Amino acid sequence: MTLAKKRRFGRVRQLPSGRWQARYRGPDGLDHSAPSTFATRREADRFLAMVEGDIARDRWVLPDARRTTIGEWAEQWFVSANRSWKPKTRHTYRSVLDRIVLPAFGAMPLTALRPIMVARWVGDLSDRLSASQVRQAYRLLSQIMRAAVDNDIIGSSPCRSVRLPRVPESDPAILTVAQVDKLATACDVPDRVLVLLLAYGGLRIGEALALRRRHVDIRAGRVTVAQAVTQLPGGPVIDTPKNHQRRELAVPAFVVQLLREHLATLPEGPDVFVFPGRQAHTSNRQQSYHGFRRRFNVAVRSAGLVDVTPHDLRATHASWVADSHGVLVAARRLGHANASVTTRHYARAVDGRDAEVAQHLDASRAKVARRSGTQRARKPRKAEQ
């Protein structure tokens, strides 16, 4: 065995077999060997020069990464990351991973994926899936590859500079007070209370269906949003609200009175659901969203409305509050940490208000013009010398 002279980076030595071995200390502080030995010392030196260059350019990857597939790493990442996810997020990511990501890249080595491959994949998906599904799949792959970078498994993520399809935005249906009243009147009493609570409280339907008696303070006229129910293939799951945003809401007096009368028809107990199931065997658990939605659609048609969803009542509430008290107040009532989410997805200008703004500005300008004219008329003439 022959030892080579000391190098600036790495070490080279000749083995008893006559072949040459290259070793180096990686950015992780550990010693690594070249994946194979070399026939000549020059080949070993060339390997170490390439590794040194990769480290300098921040492109070094763990040697084992060359044998790790995207599917193997994705499973490791999923097990580690999903502990902090809500049940719906966990179910959605697992489905997207199994249906879209792994069939395309699961068997490919982590180090083999390139931006051009990702761009081609996004283009192929765009031909057969909706824009929102394509973006969701790309975001998931991007998170997986970003985690591989953070763990020094690959040098850079291949999910970059990829043009994603635009999601067509559809404005929510913003109802007037009269339309909400008409819709509520078309519902039976329990659903009427629920519809008015959605419109005048801004709750998500999952938050409203998860309400229990202890969440309603009749005396203070307040509702506490502390839980939300999510419908999954395996059945409903109750968890904290979206983004864990627990909040208290003051609701109008007439809604409080309706809640008082409705609660009087329910069994006693702090954990009794405010909107329980309709059948006898479901009366001790929350109402099914699908059952409510069927009745809601019937009420929408009876009220002469078109394409109105329960979520539109939340958007309606956001628009009413933003119009009267500003976007920040609306964002707080909806449980949004950022007011931009409220304006982007929910709050819309109330019909007629834009014209009122223009009239107000016109009147303000005319008032200033009249005042300026009066001042010029009253200005005394300069005294004659």
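Not measured: the values here are computed from a predicted model.

**Side note on the overall build of the chain**
Within the chain one finds 14 helices and nine strands. Across the 385 residues that make up the chain, the buried fraction comes to 41%. Considering only residue pairs separated by 6 or more positions, the chain has 58% of its internal contacts joining residues 24 or more positions apart. Of the roughly 22,700 Å² of accessible surface on the chain, a fraction of 51% belongs to carbon and sulfur atoms.

**Looking at the environment of Gln179**
Structurally, the position occupied by Gln179 is in helix α6 (residues 177–185). With a relative accessible area of 28%, Gln179 lands in the partly exposed category. Along the primary structure Gln179 and Gly304 are separated by 125 residues, whereas in three dimensions their C-alpha atoms are 9.1 Å apart. In this structure, Gln179 is in contact with Ile174 and Leu305, ignoring residues within four places of it in sequence.

**Regarding helix α3 (residues 87–105)**
With 19 residues, α3 extends 25 Å from end C-alpha to end C-alpha; this agrees with the ideal 27 Å at 1.5 Å per step. Considering bend angle alone, the principal kink of α3 is centred on Leu97 and spans about 45°. Considering only its buried residues, α3 is in contact with α2 (70–81), α4 (115–126), α5 (131–150), β7 (228–232) and β8 (235–239).

**Quick word on the pairing of strand β6 (residues 222–225)**
In this sheet, β6 lies alongside strand β5 (residues 216–217) in antiparallel orientation, the contact comprising two bridges. Within β6, the position partnered with Asp217 by the bridge is Arg222. Connecting β5 to the antiparallel partner β6 that follows it, the hairpin turn spans four residues, and Gly221 within it adopts a positive phi of roughly 70°. Pairing between β6 and strand β9 (residues 247–250): four bridges, direction antiparallel. Following the sheet pairing, Arg222 is matched in β9 by Ala250.

**Describing the sheet that holds β9**
The strand order β5-β6-β9 describes an open sheet built from three strands, whose pairing is antiparallel. Each edge of the open sheet carries a strand with a single partner, namely β5 and β9.

Here is what the cut-offs are and how they apply
Residues numbered from 1 in each chain as written. Predicted model: local features only at pLDDT ≥ 70, side-chain atom pairs only at ≥ 80, totals over all residues. Heavy atoms only, no water. Helix = DSSP H or I, 4+ residues; strand = E, 2+ residues; numbered from the N terminus. Buried < 20%, exposed > 50% of the residue type's maximum accessible area, 1.4 Å probe, protein only. Contact = heavy atoms within 4.5 Å. Areas by Shrake-Rupley, 256 points an atom, 1.4 Å probe, with all protein chains shown as cover. Expected span 1.5 Å × (residues − 1). Bend = angle between axes of the 7 residues up to and from the residue. Pairing = 2+ DSSP bridges.

The analysis is restricted to geometry; functional conclusions fall outside its scope.
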